[in-house]
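# Results of the structural survey
Listed below, chain by chain, are the residues.
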Amino acid sequence: MRYFFITGSSRGIGKGLVERILQEENTLVHGFSRSSGLKHDRYHHHSADLTDTDWLAQNVVDFFPNLSDADQLVLINNAGTLGDVKYLGELENADFAHLFNLNVTAPAMLMNQFIKAYHESKAEKLIVNVSSGAGKSPVDGWSGYCASKAALDMLSQVAQAELQQKGLDGHFKVYALAPGVVDTEMQGEIRQVSKDHFSKLDKFINYKKEGTLDDASHTAEKFMELINNSSRFTEVLQDVRKY
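Residues numbered from 1 in each chain as written. Predicted model: local features only at pLDDT ≥ 70, side-chain atom pairs only at ≥ 80, totals over all residues. Heavy atoms only, no water.

## Section: the overall build of the protein
- Across its full length, the protein carries 7 helices and 7 strands.
- Going from the N terminus to the C terminus, the protein shows its helices and strands as β-α-β-β-α-β-α-β-α-β-α-α-α-β.
- The globule rule puts the C-alpha radius of gyration for 243 residues at 18 Å, and the 18 Å found for the protein is close to it.
- Across its three principal directions, the C-alpha atoms of the protein cover 55 × 35 × 35 Å.
- Buried positions account for 49% of the 243 residues belonging to the protein.
- Excluding contacts between residues fewer than 6 apart, the proportion of contacts in the protein whose partners are at least 24 apart in sequence is 68%.
- Just so you have it, the protein exposes about 11,900 Å², and 47% of that area is on carbon and sulfur atoms.
- Side-chain charges of the protein comprise 25 positive and 32 negative groups, with the mean position of each set lying 3 Å from the other. (Helix = DSSP H or I, 4+ residues; strand = E, 2+ residues; numbered from the N terminus. Rg over C-alpha atoms; globule rule 2.2 N^0.38 Å. Buried < 20%, exposed > 50% of the residue type's maximum accessible area, 1.4 Å probe, protein only. Contact = heavy atoms within 4.5 Å. Areas by Shrake-Rupley, 256 points an atom, 1.4 Å probe, with all protein chains shown as cover. Lys, Arg positive; Asp, Glu negative; His and termini not counted. Charge placed at Lys NZ, Arg CZ, Asp CG, Glu CD.)

## Re the pairing of strand E2 (residues 27-33)
- Extensive coverage of E2 is indicated by the burial of 7 of its 7 residues.
- With burial as the criterion, each face of E2 is covered, one bearing Thr27, Val29, Gly31 and Ser33 and the other bearing Leu28, His30 and Phe32.
- Bridge count for strand E1 (residues 2-7) against E2 is 6 bridges, and the pairing is parallel. Within the sheet, the bridge partner assigned to Tyr3 lies in E2 and is Leu28.
- Each parallel crossover has a hand, and for E1 linked through helix H1 (residues 12-21) to E2 it is right-handed.
- In the sheet, E2 pairs with strand E3 (residues 43-47) via 5 bridges, with the strands oriented parallel. Looking across to E3, one finds that Gly31 is bridged to His45. (Pairing = 2+ DSSP bridges. Right-handed = clockwise from strand over helix to strand, strands pointing away.)

## Some points on empty space enclosed by the protein
- Inspection of the entire model under this criterion finds 1 cavity of 30 Å³ or more.
- The volume enclosed by the largest cavity comes to roughly 90 Å³.
- Lining the largest cavity are 13 residues, with Asp84, Leu91, Phe96, Leu99 and Gly144 positioned closest to its centre.
- Secondary-structure elements contributing two or more residues to the lining of the largest cavity are helix H3 (93-118) and helix H4 (143-165). (1 Å grid on protein atoms, 1.4 Å probe; cavity = no way out; pocket = protein on both sides within 12 Å on 5 of 7 lines; lining within 4 Å. Points joined across faces, edges and corners; volume = space filled by probe spheres on them.)

## Notes on the sheet that holds E2
- In spatial order, the strands read E3-E2-E1-E4-E5-E6-E7; together these 7 strands make up an open sheet with parallel pairing. Strands at the two margins of the open sheet, each flanked by one partner only, are E3 and strand E7 (237-239). On average, adjacent strands in this sheet sit at an angle of 20° to one another, irrespective of strand direction.
- Sheet strands in contact with H1 are E1, E2, E3 and strand E4 (72-77), and its direction is about 165° off that of E1.
- In the packing of H4 onto the sheet, the strands contacted are strand E5 (124-130), strand E6 (172-178) and E7, and the crossing angle to E6 comes to about 160°. (Axes fitted to C-alpha atoms, helices over the stretch in contact; angles between N-to-C directions.)

## Details of the packing of aromatic side chains
- Scanning the model with the defined rule gives 15 aromatic pairs in all.
- Between Phe114 and Phe172, the aromatic rings sit 6.0 Å apart at their centres with planes inclined by 85°, giving edge-to-face as the arrangement. Taken together, the residues span a long stretch of sequence, with Phe114 in helix H3 and Phe172 in strand E6 at a distance of 58 residues.
- Phe114 gets classed as buried once you look at its relative accessible area, which sits at 0%. (Phe/Tyr/Trp six-rings, centres within 6.5 Å; stacked < 30°, edge-to-face > 60°.)

## Structural notes on the side chain of Lys173
- Checked against the element boundaries, Lys173 lands in strand E6.
- For the buried Lys173, no salt bridge exists, and the shortest N-O distance to an oppositely charged side chain is 6.2 Å, to Glu124.
- Excluding its chain neighbours within four sequence positions, the residues that come into contact with Lys173 are Lys125, Leu126, Ile127, Gln160, Ser230, Ser231 and Phe233. (Salt bridge = Lys/Arg side-chain N within 4 Å of Asp/Glu carboxyl O.)

## Quick look at the pairing of E6
- Across the 7 residues that make up E6, a large majority, 7, are buried.
- By the alternation rule, side chains of E6 split into Phe172, Val174, Ala176 and Ala178 and Lys173, Tyr175 and Leu177, which are all buried.
- Taken together, the 6 bridges between E5 and E6 define a ladder with parallel strand orientation. Bridging from a neighbouring strand, Val130 pairs with Leu177 of E6.
- What joins E5 to E6 is H4, and the crossover it makes is right-handed.
- Bridge analysis of E6 against E7 gives 3 bridges, and the strand direction is parallel. Bridging across to E7, Ala178 finds its partner in Asp239.

Laid out in structure tokens, this is it:
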């Protein structure tokens, strides 16, 4: 049996991943988000606000049960937020805590507990963190988002280095996978911001006008290319646009 744990499973890439995974037999998905309209006998929804890291610290131990029949165990940290698009000096200070809680702290806790729960399992184990090109190149107005995705990339690289150091990397791999530019609610939010706070606004408006945004279902297919063929992907940092 193949077990998947997906955050942000109610919409966008997360929802696309759930729907794609359930097309394959012998799969069961645990989805974590604040709400869900998806109904399937192999989908288990868990209501969770991952920005509440105090709650998460107390409850994350229950996220990953003993699964003795597992052939593959996959954690996909997909939930994330762009945050308020404004320049530094114009943002509310409290916004940073919310953004980093969801984009960095929650994935770190989930990774920590996933490794703790399953490091002795004989199943293939994968952690896939949803990365972004914004974590590698600065984008004005996106200070928190860029910084959080850079942190997630480094967190992924450190985790893989530690697994290798402990001799666990043979059956345990960590990836930070950039999905490209996908037609999600986040893209809609970007198109509504002020050009005074985001100089690349016209570029993102044109993505939609010109039909160059990828759709979530096609992006999910690319994710499954990596998940189903992990032996072909040796580097931690990955980008779906390269395959």
